[in-house]
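Below, each chain spelled out in residue letters.
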Amino acid sequence: MRASRVGVERLSKRFGMHEVFDELSLEFAGGCSYCLRAPSGGGKTTLLRILMGLERPDSGRVIGVRRGAISVMFQEDRLSDALTPVENVALLHPDRRVSRRMIEAELAEILPLRALSQSVVELSGGMRRRVALACAMLFPSSLVLLDEPFTGLDTATKREVIDFVRARLRGRTLIVATHGADDAEMLGARTVTLPTSGGGADGDAV
Ligand SMILES: Nc1ncnc2c1ncn2[C@@H]1O[C@H](COP(=O)(O)OP(=O)(O)OP(=O)(O)O)[C@@H](O)[C@H]1O
């Protein structure tokens, strides 16, 4: 799937009296990777949810996002607890020809082998995070949106997981909401800092 340019134009969003975005315009070049930075409560999740079509802006518009062509990882793990990691990935994968063995081989790069046959409810928080990430990365799409994908991971595991993400981008556009100061460098991504509200975004999104 070809990655096209995506963005938001003059986007405004309030929750009650609280203004999150005031005419925010941002553009993300197709096939490039970006880290969204902002303090806690700065609107990273809200922007991702607007791009996903799960939240409606008060005004302004989203550009270039094709429904059904987005891979998503939410801040909370949305997994089927009773199923194994392999079954979770298979459940979301639209291509029925993708075999269990192929999914196992992918997951084995970021999870211990014994974890692959356990129900995800039995896994640690960091392992569950990796299953959720695999569900997103293995879903065919042109845009990948990840909300805090590396929480609960130690440095060595995070490095492995970032290698996994980079190897599976294959030209897709990636936007990651993160607090990690070194995430952009590790991902080879540009940093976009969201304005506190009112001003333009900082960084090198084009
Ligand atoms: N459904 C909602 N109802 C009311 N307020 C909301 C809602 N969703 C988000 N907010 C508010 O909007 C602001 C932005 O929240 P958001 O979750 O987008 O920030 P964030 O940058 O992702 O934060 P964090 O880094 O803590 O995850 C916050 O003040 C939050 O309380």
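Under the annotation held in an unreviewed UniProt entry, the protein carries the name NitT/TauT family transport system ATP-binding protein and is attributed to Leucobacter komagatae.

Q: Looking at this structure, how should I read the nonpolar core?
A: Proteins that are soluble and globular tend to have nonpolar side chains buried together. If you look at the biggest cluster of nonpolar residues, it comprises 37 residues, and the most contacted ones within it are Leu107, Met137, Leu146, Leu174 and Leu187. Contributing elements (two or more residues each) for this core: α2 (85–92), α3 (100–107), α4 (125–137), β6 (143–147), α5 (155–167), β7 (173–177) and α6 (183–187). Considering every element that reaches this core, the biggest residue donor is α4, with eight residues. Ranked by size, the runner-up nonpolar core spans 27 residues in total, among them Leu24, Cys32, Leu47 and Val192.

Q: I tried to follow the domain arrangement of the protein on my own but got confused; where do I start?
A: For an interface, size is often stated in terms of accessible area lost upon the parts coming together. Each domain of the protein was delimited in the assignment, giving domain 1 (1–69 + 144–196) and domain 2 (74–140). Computed from C-alpha coordinates alone, the two centres of domain 1 and domain 2 are separated by 22 Å. Every contact between the two is made by 22 residues of domain 1 and, on the other side, 16 residues of domain 2. By the criterion of area lost to domain 2, the three top residues of domain 1 are Phe164, Arg168 and Arg172, representing 32% of everything that side buries. Linking domain 1 with domain 2 are two salt bridges. Here Arg168 ties to Glu109 by a salt bridge, and the two come within 3.1 Å at their closest N and O atoms. The interface formed by domain 1 and domain 2 holds nine residue pairs in polar contact (both at pLDDT 80 or more) in total. Mapped onto the side of domain 1 that touches domain 2, the elements with two or more residues apiece are α1 (44–52), β6 and α5. In terms of residue count, α5 provides more of the side of domain 1 that touches domain 2 than any other element does, five residues in total. Its residues assigned to classes, the side of domain 1 that touches domain 2 shows 11 nonpolar, five polar and six charged.

Thresholds applied
Position labels on residues start from 1 in each chain and follow its written sequence. Under the rules for a predicted model, residues below a pLDDT of 70 receive no local features and side-chain atom pairs below 80 are neither given nor counted, while totals for whole chains, interfaces and linings still include all residues. Computation of side-chain values covers all heavy atoms of the structure but excludes hydrogens and water. The criterion is simple. A nonpolar core is a set of buried Ala, Val, Leu, Ile, Met, Phe, Trp, Tyr and Cys residues joined through side-chain atoms within 4.5 Å. With a 1.4 Å probe rolled over the protein chains alone, any residue whose accessible area is under 20% of its type maximum counts as buried; one over 50% counts as exposed, and the rest are partly exposed. Think of it this way: any DSSP run of H or I at least four residues long counts as a helix, any run of E at least two long counts as a strand, and we number them from the N terminus. Domain segmentation is taken from an automatic or database assignment of domains. Any two residues whose heavy atoms approach within 4.5 Å are treated as being in contact. Computed with a 1.4 Å rolling probe, the buried area is the accessible surface lost when two parts are put together, summed over both parts. By convention in these notes, a salt bridge is any Lys or Arg side-chain nitrogen within 4 Å of a carboxyl oxygen on Asp or Glu. Residues adjacent in sequence count toward polar contacts only when both atoms are side-chain atoms; beyond that, a polar contact is any pair of N or O atoms within 3.5 Å, and within protein one must be able to donate a hydrogen and the other to accept it. When residues are grouped by polarity, Ala, Val, Leu, Ile, Met, Phe, Trp, Tyr, Cys and Pro land in nonpolar, Asp, Glu, Lys and Arg in charged, and all others, Gly among them, in polar.

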